[in-house]
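Chain residues, written in single-letter form:
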Amino acid sequence: MKIHNFSSGPSILPDYVLRKASEAVVNFNDSGLSLLEISHRTDSFIQILEEARELVIELLGLKNKGYKALFLQGGASLEFVRVAYNLMNNHKKAGYIDTGRWAANAMNEARFFGEVVTVASSKDKDYAFIPKNYSVPSNLDYLHLTSNNTIYGTQFQNFPKLDIPLVCDMSSDIFSRVLDFEKFDLIYACAQKNVGTSGVNLIVIKEELLNRTNTVLPNIMNYKMHIEKESMYNTPAVFSIYVSYLTLQWIKQQGGISAMEERSKARSELIYNEIDRNSMFYGTAAKEDRSLMNAVFFLHNQKLSDYFDSLCKEAGISGLKGHRTVGGYRASMYNALPLESVSILVEVMRKFQEIYND
Ligand SMILES: *Cc1c(COP(=O)(O)O)cnc(C)c1O
């Protein structure tokens with residue numbers, strides 16, 4: 001049976017990526033060696049790392065704009081720390097928009113390095129919307145946003161143009177929609193949602209930003225050091241980077257970010273139309289802030305959840321459970337998810353309504 005993978009992360013990857021990655025595990029580039037057992041200093045791997053970094057810059061439309069891409073380890077959660085450690089060094093103060101648990105985690109980590117100003121928050125409404133009319137003080141080292149709130153299914157539709165650096169956690173929506181990426185001074189994302197598999201995180205930095213960076217940082221925490229060493233300061237996550245490289249290649253082959261955006265729009269329209277139409281379900285995210293990547297929805301009658309779950313299972317739907325702190329359902333529709341999978345889910349929702357609506 002075909003499985004429809006709605007997992008929130010690690011999540012679905014294109015068949016092309018799975019096939020090429022598995023070949024490389026057995027015999028990498030016809031070398032007779034596995035990718036898992038070669039040095040990261042092998043020419044063929046260095047070339048992959050370089051190409052992956054270039055592909056990132058190219059896909060984001062940042063070629064010749066002074067940006068560098070890095071593949072480091074520790075997940076997006078380590079970037080919560082590294083961002084503050086590198087950038088909170090003038091005013092010792094940074095602004096954060098609190099739009100969810102990941103944003104709040106980033107704030108908690110930043111407090112080790114200076115003052116965290118909550119510029120806006122949707123916490124008192126269970127993070128069901130994206131704050132809009134906020135003003136950003138100018139005496140901040142940066143403003144930090146979380147572009148897509150994976151757990152609550154909300155997404156920033158507009159980004160402020162600021163005089164201070166703009167930092168964005170794009171873990172769950174990078175490469176899924178066209179944005180003016182030049183607005184951002186630093187973008188980071190864990191790979192396991194739209195870039196590849198876990199074990200590596202992508203960082204895109206405007207190099208100029210680092211000129212004001214504190215020079216007394218531990219090397220492993222220092223973006224400048226990682227740029228200087230071309231993402232090879234320490235042993236990189238060779239296999240995870242290869243999976244990211246293949247995914248980036250796939251995105252390019254498919255027509256780049258604009259093609260990904262078209263697909264995201266088609267998928268999300270289908271599911272949100274059904275959530276709004278179907279009397280058995282309701283969504284919680286404010287309509288104008290709905291995420292193209294993660295659709296969060298609930299049953300009006302919680303007692304019917306076992307029935308709905310079994311219909312999903314029968315149809316091969318996997319990974320639909322909501323985040324453990326929120327409950328309900330979450331359809332994560334990352335780049336590699338075919339529209340067909342969403343159609344199947346919508347069919348199941350309709351069937352469920354036909355059977356159990358009374
Ligand atoms: C998944 C996620 C994270 C956490 O990433 P880790 O790699 O587990 O540290 C951070 N931010 C957002 C928006 C996420 O979706």
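Heads up: the structure comes first, above all this text.
Residues numbered from 1 in each chain as written. Predicted model: local features only at pLDDT ≥ 70, side-chain atom pairs only at ≥ 80, totals over all residues. Heavy atoms only, no water.

Draft legend 1. Spatial organisation of helix H7 (residues 256–277). Across its 22 residues, H7 extends 32 Å between first and last C-alpha, which sits within 8% of the 32 Å expected from 1.5 Å per residue. On its buried side, H7 packs onto helix H2 (43–59), helix H6 (238–253), strand E11 (281–283), strand E12 (294–299) and helix H9 (339–356). (Helix = DSSP H or I, 4+ residues; strand = E, 2+ residues; numbered from the N terminus. Expected span 1.5 Å × (residues − 1). Contact = heavy atoms within 4.5 Å.)

Draft legend 2. View of the pattern of salt bridges. Enumeration over the complete set of coordinates arrives at 12 salt bridges. Put simply, Glu79 and Arg82 hold a salt bridge, and the shortest N to O gap is 2.7 Å. Separated by 3 residues within a single helix, Glu79 and Arg82 lie in helix H3 (residues 75–87), roughly one turn from each other. Comparing Glu79 with Arg82 shows no difference in burial state: the two are buried. A single salt-bridge network, built from bridges that share partners, covers Lys132, Glu288 and Asp289. (Salt bridge = Lys/Arg side-chain N within 4 Å of Asp/Glu carboxyl O. Buried < 20%, exposed > 50% of the residue type's maximum accessible area, 1.4 Å probe, protein only.)

Draft legend 3. Structural detail: the site of the ligand. Close contacts around the ligand come from 14 residues, with Ser77, Thr150, Asp169, Gln192 and Lys193 the closest. Within the backbone of Ala76, a nitrogen or oxygen atom sits 3.2 Å from an oxygen atom of the ligand. A distance of 2.7 Å separates a nitrogen atom of the ligand from a polar atom in the side chain of Asp169. In the complex, 88% of the free accessible area of the ligand, which totals 390 Å², lies under the protein chains. The leading source of residues in the shell around the ligand is H3, at 4 residues. Among the residues making up the shell around the ligand, the classes are represented as 4 nonpolar, 8 polar and 2 charged. (Near = heavy atom within 4 Å. Polar contact = N/O pair within 3.5 Å; in protein donor to acceptor, adjacent residues only side chain to side chain. Areas by Shrake-Rupley, 256 points an atom, 1.4 Å probe, with all protein chains shown as cover. Nonpolar A, V, L, I, M, F, W, Y, C, P; charged D, E, K, R; others polar.)

Draft legend 4. Spotlight on the sheet that holds E11. Pairing is antiparallel in the open sheet, where 3 strands are placed in the order E11-E12-E14. A strand with exactly one partner marks an edge of an open sheet, and here the two such strands are E11 and strand E14 (329–332). Between one strand axis and the next, the sheet turns by 35 degrees as a mean value, whatever way the strands run. Against the sheet, H7 contacts E11 and E12, and its axis sits at roughly 20 degrees relative to E12. (Pairing = 2+ DSSP bridges. Axes fitted to C-alpha atoms, helices over the stretch in contact; angles between N-to-C directions.)

Any link to function would need more than the numbers given here.
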